[in-house]
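Examination of the molecular architecture
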Amino acid sequence: MGMRPVLSTRSDDLLQLVFARPTEALRRAHAVLSGSPTPFHASIARQAIGLVERDFGHLGSAVTELRRALALARKSGSSERQADVLATLGIALVHGGRTVAGLASLDDAVTLSAGTCAARVGLRRAGALWVLGRHEDALVDLRSVVPVLRRAKDTVWTGRALTLRGHVQLALGSVDRAEADFTAAASLFDRTEQHHDSAVALHNLGLSAFRSGDLPVALGRLARAGRRYRGLATPMPELAADRCAVLLAAGLAHEALAEADTAIAEVSHRRGQHTRRAELLLAAGRAALACGDPATALARATEATRLFTAQRREWWRCHAQLLVSQARFAVGAGTDRDLTLAARTAARLDALRAPDRVPAHLLAGRIALALCRLDDARAHLRAAAAGRARGPAVTRAEGWLGYALLANADGDTRTMLVACRRGLDVLDEHRMAFGASELRARATASGAELAELAQRACLHGALPRQLLLWSERRRATACAVPVVRPRTDPRNRRDLTALREIASRLEQARADGTVLPVLAARSVHLEQRIRQRTLHLAGGPGSARTAESRALLDELGADRLLEIVAVDDRLHVLVCGAGKVRRVAAGRISVADTDIEAARWLLRRLAYAPGAANVGDLFARLEALGRRLQSTLLGPATDQLGDGVVVVVPPGRLHAVPWALLPRLRDRVHTVAPSATAWLNARHAPAPPRDDVVLVRGPGLSSQGAEISTLMEVYRGALVLRDGGATAPEVLAAIDGSSLAHIAAHGRFRADSPMFSSIRLDDGPLTVYDFEQLRRAPYRVVLPSCDSGTLHPVGADELLGLTTALLPLGTAGIVASIVPVNDAATVPLMLDLHAAVSAGATMAESLASARNQAAANPVHQATALSFVALGAA
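The model shown is predicted, which means the values in this text are computed figures rather than measured ones. (Residues numbered from 1 in each chain as written. Predicted model: local features only at pLDDT ≥ 70, side-chain atom pairs only at ≥ 80, totals over all residues. Heavy atoms only, no water.)

Here we come to unusual backbone geometry. In the Ramachandran plot, K153 falls in the positive-phi region, its phi being about 55° despite a non-glycine side chain. Within the fold, K153 resides in the loop between α8 (135–151) and α9 (155–171). (Helix = DSSP H or I, 4+ residues; strand = E, 2+ residues; numbered from the N terminus.)

This is the structure we're talking about:
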């Protein structure tokens, strides 16, 4: 083979440059080839080009370049050069799905190398073994590699070795060891100009934060790593897969699916790394299952399984097979074949020490329960329950679920309820780590089954007080804990201002009949940036304490609280009051859904077509629906309402009911609350020391906000913002800590992004994110705008929207509409409402009084029915 020339500093720099500035490395490599390089230096240039092509996903051209580099290396007579190229080629072949050829190339490279070069080659073989899921084999190589690189003081390659060892430790469930390796690698790369490796280090620290359960930190680190990769123009499909996993854990399943699908399309377009495509298919399948689309999940998981099998990646194939079983079980009760497959997968994941062994045993236990194979079920649920002691919060909660299902199968209700409580305690702790109210709400989805198990047990055991407690544990808990106020962030303030300006320009363009796609794209970009910053916010002190039945009953006195509970499509009403909690059965929630949509449609029709000839008929149909809804939603609970105020606490998906449409509530003082706990908190919210009233009139109202002029006479000394003065900064400053805020402005509910639901002011939309900047929300708020009270159900039984943002900030009473309303008919209703408020009535009493005074005109009556009172003051 001849003498092995030592790599020149310049040549070595070119290969290092690939991982620092790949575009520049490509340019320099072509410059070398354009001259008259020796075979040795030409081999280095071709290898550099192959590395860039590989990392950019162009595997076909990468392999071609690397084979040329290998031929030149052989011609140079340098066995070290050959070994280095063979190692790079081996990795490219493995990523291309040619596992046998890739490992053979890597083995040849090991044979040809010695010393530091052998350590570098061994590191790459360990990397291939990690990609294949052969983690113990990878550790064997790394044990010999790391000491050699450290003795050679090879900073960059030592950092890469520690990075890889961290990934292997993560795969084996050793999160603390992985974090230590990633941190050490990041410290080493900080001493170099290896910008790509530094970005990878930040990416990996995000991954270890995710696996330790710190999702806000994980999201923040992955976002920063993504910006660095983009700055280097380096595609990183593995970042998309990791972000998908973190988004899923945060309850953002639809976003996770979109992220994975986009990355799959990019990899497929580039005809890039087949290994990455398989991993992304697995990530997309998990996201699809979480989105409630098991058919798509099954298709993605099946394709991923096929690819992993062809690539001889057993560790990955087992995870894909688990998803296949989970998707199959989601569309049916399971068969004996499904149980056999799930049990085999769980056993294999046990042998591989994979973190997913807990959900694998949980699935096998569920299938066995469905098949009445109790001995098999107990064995698998026992194995799943072992996961309750350690690991990330979601894994521990799954362990407690396994324990609860095991106790339930054994008829041990007491132990089952303890397990459900412990599991929800774990998830509460996990949820409080989030600073973003959206993530706190969405994260409750993980505890839905635990709460449902307990609810079913309480129903079966005729335990209404316990049913109340468990129902409170799963609903609107985000409204009952303190808001984490973000640090003053000039970037967010600047972006919110820019978003308002762009929204105003877009609205004007639409009015002029023009289309401004650049502005629309800018608006989407700003929204994403604002939201991402908020999602990275860490949690603060606080707890999700639920109302005790005794404290609730004492507070109610002669009033009644109706907590409506949905279990398995059946509605049950817990009538709380007079020192008791009584349960009555009502109708089906699926029937209620249909009638609610019909009622809301009729209310919108009456608002937008007040002059229609059949207005009377429309209103008659509306009243008939009200009678049906009363029977379905409340059933015989209407006979137990007493003489006091009625507080209605519906499940999240019933938030949009026009409750005054129900005959027994039409003339009654009633209020709505997202949970009994939130109602109690609102009841105890301290009133501000001064009577500061703020009246706001936004633009574009057909009524011109006519009530404002009259209300200025009712509330002499009120601060009035209108005619260009109703801007977001002025309104926020005015209403902060006020006793009463009346904001007459158009509202917009955003089902696609509830946190951007807004009220239109003179300078653009005032969003939920703006409201969350308040030190203290107004004690009472009137929102006569369209859809201002509409909310979006998420998580287990949570709500997102304008009104739920105000309750945890100190608002005690709200009046808002749940459908679009007729501006003209709203004016007299608001005047009657404020006449009662100014006389000392609560918001619920004032709305009932105004509703009773509504004109006999069906449009005015429908307008009055479109408003609800929320809270307790």
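A few words on the nonpolar core. Ranked by internal contacts, the top residues of the largest apolar core, which has 115 residues, are L123, Y229, V246, L280, L282, F308 and L439. Sequence-distant contacts of F308, defined by excluding residues within four places in its chain, comprise A278, E279, L282, R313, W316, R317 and A320. Counting 83 residues, the second largest nonpolar core, distinct from the first, contains F619, A741, F756 and V868. (Core = buried A, V, L, I, M, F, W, Y, C linked by side-chain atoms within 4.5 Å. Buried < 20%, exposed > 50% of the residue type's maximum accessible area, 1.4 Å probe, protein only. Contact = heavy atoms within 4.5 Å.)

Glancing now at the side chain of R560. Within the secondary structure, R560 is located in strand β1 (residues 560–567). Within the structure, the side chain of R560 is placed 3.1 Å from the backbone oxygen of A558, a separation counted as a polar contact. Beyond its immediate stretch of four places on either side in the chain, R560 contacts V575, C576, G577, A578, R582, Q640, L641, G642, V645, V646 and V647. (Polar contact = N/O pair within 3.5 Å; in protein donor to acceptor, adjacent residues only side chain to side chain.)

What follows covers the pairing of strand β3 (residues 580–588). As defined by bridge partners, strand β2 (residues 570–577) adjoins β3 across seven bridges and the pair is classed as antiparallel. When the sheet's bridge partners are listed, R570 is paired in β3 with R588. Adjacent in sequence and paired antiparallel, β2 and β3 are bridged by two residues, among which A578 carries a positive phi angle near 55°. (Pairing = 2+ DSSP bridges.)

One way to put it is that helix α24 (residues 448–460) packs onto helix α25 (residues 464–473) with a least axis distance of 9 Å and a crossing angle of 165°. Taken together, the axis directions place α24 and α25 in an arrangement best described as roughly antiparallel. Crossing angle aside, the handedness with which α24 passes α25 is left-handed. In this structure, α24 contributes A454, Q455, C458 and L459 to the contact, and α25 contributes Q466, L467, W470 and S471. (Axes fitted to C-alpha atoms, helices over the stretch in contact; angles between N-to-C directions. Parallel < 35°, antiparallel > 145°, perpendicular 65-115°, else oblique. Left-handed = near helix turned anticlockwise from the far one by under 90°.)

Structurally, the position occupied by P651 is in the loop between β4 (646–649) and α31 (663–666). When the C-alpha atoms of P651 and V565 are compared, they prove to be 6.4 Å apart, with 86 residues separating the residues in sequence. Setting aside residues up to four positions removed in sequence, P651 forms contacts with R475, I564, A566 and D797.

Turning our attention to the sheet that holds strand β11 (residues 764–767). A sheet is described by the order of its strands in space; here three strands give the open sequence β9-β10-β11, paired in antiparallel fashion. The open sheet terminates on both sides in strands that have one partner only, identified here as β9 (747–748) and β11. Across the sheet, helix α26 (residues 490–511) touches β10 (758–761) and β11, and the angle it forms with β11 is around 135°.

For the pair helix α15 (residues 274–290) and helix α17 (residues 314–330), interaxial distance at closest approach is 10 Å and the crossing angle is 25°. As the angle between them shows, α15 and α17 are arranged roughly parallel. For α15 against α17, the interelement crossing comes out left-handed. Each of E279, L282, G285, R286 and L289 in α15 lies in contact with α17, whose residues at this interface are W316, H319, A320, L323, Q326, A327 and A330.

Looking at the element boundaries, D617 is found in helix α30 (residues 615–633). Given a relative accessible area of 54%, D617 falls into the exposed group. Measuring from C-alpha to C-alpha, the distance between D617 and S446 comes to 46 Å, with 171 residues separating the pair along the chain.

With that settled, the discussion passes to the pattern of salt bridges. Applying the stated rule across the entire model yields 55 salt bridges. The closest approach of N and O atoms between R500 and D763, which form a salt bridge, is 3.7 Å. Placement of R500 in helix α26 and of D763 in the loop between β10 and β11 is noted, with a sequence separation of 263 residues between them. Overall, D763 belongs to the partly exposed group, its relative accessible area being 22%. By sharing partners, the salt bridges in this structure join R421, D425, D428, R431 and R473 into a single network. (Salt bridge = Lys/Arg side-chain N within 4 Å of Asp/Glu carboxyl O.)

The next thing to look at is the packing of aromatic side chains. Overall, the coordinates contain four aromatic pairs when judged by the stated rule. Between W315 and W316, the ring centres sit 5.1 Å apart and the planes meet at 80°, which makes this aromatic pair edge-to-face. Judged by relative accessible area, W315 falls into the buried class, the value being 10%. Between the aromatic rings of W400 and Y403, the centroid separation amounts to 5.7 Å while the plane-to-plane angle is 75°, which identifies the pairing as edge-to-face. Highlighted residues: W400 and Y403, both in helix α21 (residues 393–409), separated by three residues, approximately one helical turn. What makes W400 buried here is its relative accessible area of 9%. Y403 sits in the partly exposed class, given a relative accessible area of 28%. Each residue in the set F308, W315 and W316 is aromatic and connected to the rest through ring pairs, giving one cluster. (Phe/Tyr/Trp six-rings, centres within 6.5 Å; stacked < 30°, edge-to-face > 60°.)

What follows is about a positive patch on the surface. A contiguous patch of positive charge, built from R224, R227, R228 and R230, is present on the exposed surface. Mapped onto the elements, R230 comes out in helix α12 (residues 215–231). For R230, a relative accessible area of 60% gives the class exposed. (Patch = residues over 30% accessible without salt bridge, like charges linked within 9 Å, V, L, I, M, F, W, Y side chains within 5 Å. Areas by Shrake-Rupley, 256 points an atom, 1.4 Å probe, with all protein chains shown as cover. Lys, Arg positive; Asp, Glu negative; His and termini not counted. Charge placed at Lys NZ, Arg CZ, Asp CG, Glu CD.)

With respect to the element layout, R531 can be found in helix α27 (residues 517–535). With residues near it in sequence (within four places) discarded, R531 still touches L252, E255, E438, F756 and Y769.

This part takes up the pairing of β2. Consecutive side chains along a regular strand alternate between the two faces of the sheet. Burial runs high along β2: seven of the eight residues are buried. Pairing between β1 and β2: seven bridges, direction antiparallel. When the bridges of β2 are listed, L562 appears paired with V575. Hairpin remark: β1 followed by β2, antiparallel, with two residues in the connecting loop; positive phi at D568, about 55°.

With that settled, consider α21. The end-to-end C-alpha distance of α21, which contains 17 residues, comes to 24 Å, matching closely the 24 Å that a straight helix rising 1.5 Å per residue would cover. Looking only at α21, the buried set comprises A393, T395, A397, G399, W400, L401, G402, A404, L405, L406 and A407. Contacts from the buried residues of α21 go to α19 (357–370), α20 (374–385), α22 (413–431) and α24. A positive backbone phi angle near 75° is found at G411, which sits one or two residues after α21. (Expected span 1.5 Å × (residues − 1).)

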